[in-house]
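These are the residues of each chain, in order.
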Amino acid sequence: MTKEDLKIVFFGTPEFAVESLDALVKGGYNVAAVVTMPDKAAGRGQKLSQSAVKKYALEHSLPVLQPVKLKDEDFVRDLREINADLFIVIAFRMLPEVVWAMPPLGTFNLHASLLPRYRGAAPINRAVMNGDTETGVTTFFLKHEIDTGDIISRERIEIGPDEDAGSVHDRLMTLGAALTVDTVNHIITGDLTTTPQDALAGDCAPTPAPKIFKEDCRIDWAWTSSRVHNHVRGLAPYPAGWTGLSFAGPGSEAESTVKVLKTACDEQAPSLRPGELQLVGKHAYVGTGNGSSLRLVSVQPAGKRPMDGADFLRGLRPGENGRQPYFI
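Quick look at the structure, then.

Thresholds applied
Residues numbered from 1 in each chain as written. Predicted model: local features only at pLDDT ≥ 70, side-chain atom pairs only at ≥ 80, totals over all residues. Heavy atoms only, no water. Pairing = 2+ DSSP bridges. Helix = DSSP H or I, 4+ residues; strand = E, 2+ residues; numbered from the N terminus. Contact = heavy atoms within 4.5 Å. Axes fitted to C-alpha atoms, helices over the stretch in contact; angles between N-to-C directions. Expected span 1.5 Å × (residues − 1). Polar contact = N/O pair within 3.5 Å; in protein donor to acceptor, adjacent residues only side chain to side chain. Parallel < 35°, antiparallel > 145°, perpendicular 65-115°, else oblique. Left-handed = near helix turned anticlockwise from the far one by under 90°. Nonpolar A, V, L, I, M, F, W, Y, C, P; charged D, E, K, R; others polar. 1 Å grid on protein atoms, 1.4 Å probe; cavity = no way out; pocket = protein on both sides within 12 Å on 5 of 7 lines; lining within 4 Å. Points joined across faces, edges and corners; volume = space filled by probe spheres on them. Buried < 20%, exposed > 50% of the residue type's maximum accessible area, 1.4 Å probe, protein only.

**Here's the deal with the sheet that holds strand S8 (residues 134-141)**
Consider a sheet: its strands pair through backbone hydrogen bonds, and that pairing is either parallel or antiparallel. On the basis of which strands lie adjacent, the open sheet formed by seven strands has the order S5-S2-S1-S6-S7-S8-S9 and mixed pairing. The open sheet has two free edges, formed respectively by strand S5 (64-65) and strand S9 (151-158), since each of these has just one partner strand. With two bridges joining them, strand S2 (residues 30-35) and S5 adopt parallel strand pairing. For Val34, the partnering residue across the bridge sits in S5 and is Val64. Against the sheet, helix H1 (residues 15-26) makes contact with strand S1 (7-12), S2, strand S6 (86-90) and strand S7 (107-111), and its axis sits at roughly 165° relative to S1, the strand it touches most.

So, in structure tokens, the structure goes:
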């Protein structure tokens, strides 16, 4: 079988998946159709917005399927009529067995972690938030339980101590595209070997990576400096860590909210109480657990654009009776 003979259906939605789809198309592989999420209303005008994968598919004249329900009889019938040999899934919904078991050569997924570590919807964010020093991408064949199928191949990268999730995402997107093509080539030549995830548990312990919600992003200033720093960079640039701002001190109600986009660990950082804000020379600092502090590099007050942390702090005015601002 050649790459022109191998008929592929590609499943994906966000920009992360586009890189792999582009590598397949430009590499001359036979992508027979693309499956992506239905268009959804977005913005003030609630205009229908297309997924990044759909936009790419239309630009390259690839047939597009957008099922609302993946078990829908019409969708399953249309998928069968394509008569594909292989399905590839990248950053898409969980597929029912009637779909993933359809192609004779199977369905493989590209996942942005070193499985079995970080099974779930937010592997990149969780790896950085937890202070991991390495991560990677994995291809594996789908089975019933999410992200548990036999592993085909893995590739690793190091995570820098100040690197954020956005940077890691972009590097894994490129690495993942190369691994996707390599996996397809091994399937074509038939020299594929797989490894059960249980056999790798000692190397990368199974870890959940659940979807991130707003409350998961809130910063607790009683955490250690390193934990707060990892939390902030693991959520940057999106959805971003956030905190309440108050002029009534710790334990008070927040008067507004602030996104904390970037922090830095300084050896000369002052000793402050958790959430206490202080200007030292040209820099702004915020207190964390155990009397330590972090430098506020970039923040975004509610309703405003991102700004330098020191400029933000200079612009704050003391509250009633000279009360100073606190992050809570």
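**Digging into helix H6 (residues 165-189)**
An ideal rise of 1.5 Å per residue puts 36 Å on 25 residues; H6 measures up with 35 Å between its terminal C-alpha atoms. Here H6 starts with a cap whose side-chain oxygen sits 3.0 Å from the backbone nitrogen of Gly166, and that cap is Asp164. Positive backbone phi, at 80°, marks Gly190, one or two positions downstream of H6.

**Points about the packing of H1 against helix H2 (residues 52-59)**
At their nearest, the axes of H1 and H2 sit 8 Å apart, and the two run at 25° to each other. Considering the angle they form, H1 stands roughly parallel to H2. For the element pair H1 and H2, the recorded crossing hand is right-handed. From H1, Glu15, Ala17, Val18, Leu21, Asp22 and Val25 reach across to H2, where they touch Ala52, Val53 and Tyr56. Residues belonging to the contact of H1 with H2 are distributed by class as follows: seven nonpolar, no polar and two charged.

**Describing the pairing of strand S12 (residues 277-280)**
Moving residue by residue along a regular strand, the side chains alternate between the two faces of the sheet. With four bridges connecting them, S12 and strand S13 (residues 283-287) associate as antiparallel partners. Following the sheet pairing, Val280 is matched in S13 by His283.

**Describing the layout of surface pockets**
Its volume calculated, the largest pocket comes out at about 1700 Å³. Around the largest pocket sit 49 residues that line it, and Pro14, Ala91, Phe92, Ala121 and Ala122 are the ones nearest its centre. Contributions of two or more residues to the lining of the largest pocket are made by H1, strand S3 (40-42), H2, S7, helix H5 (123-129) and H6. Classifying every residue of the lining of the largest pocket by side-chain character gives 29 nonpolar, 11 polar and nine charged.

**A word on the side chain of Thr135**
Structurally, the position occupied by Thr135 is in strand S8. With a relative accessible area of 4%, Thr135 lands in the buried category. Beyond its immediate chain neighbours, meaning those up to four positions away, Thr135 contacts Ala112, Ser113, Leu114, Ala127, Glu155, Arg156, Ile157, Ile159, Val168 and Leu172.

**Things to note about the packing of H1 against H6**
Viewed as axis vectors pointing N to C, H1 and H6 meet at an angle of 35°, and their least axial separation amounts to 8 Å. Crossing hand, H1 versus H6: right-handed. Taking contact as the criterion, the partners of Glu15, Phe16, Glu19, Ser20, Ala23 and Leu24 in H1 are, on H6, His169, Leu172, Met173, Thr174, Gly176, Ala177, Thr180, Val181 and Val184. Partitioning the contact of H1 with H6 into residue classes produces eight nonpolar, five polar and two charged.

These figures capture arrangement, not role.
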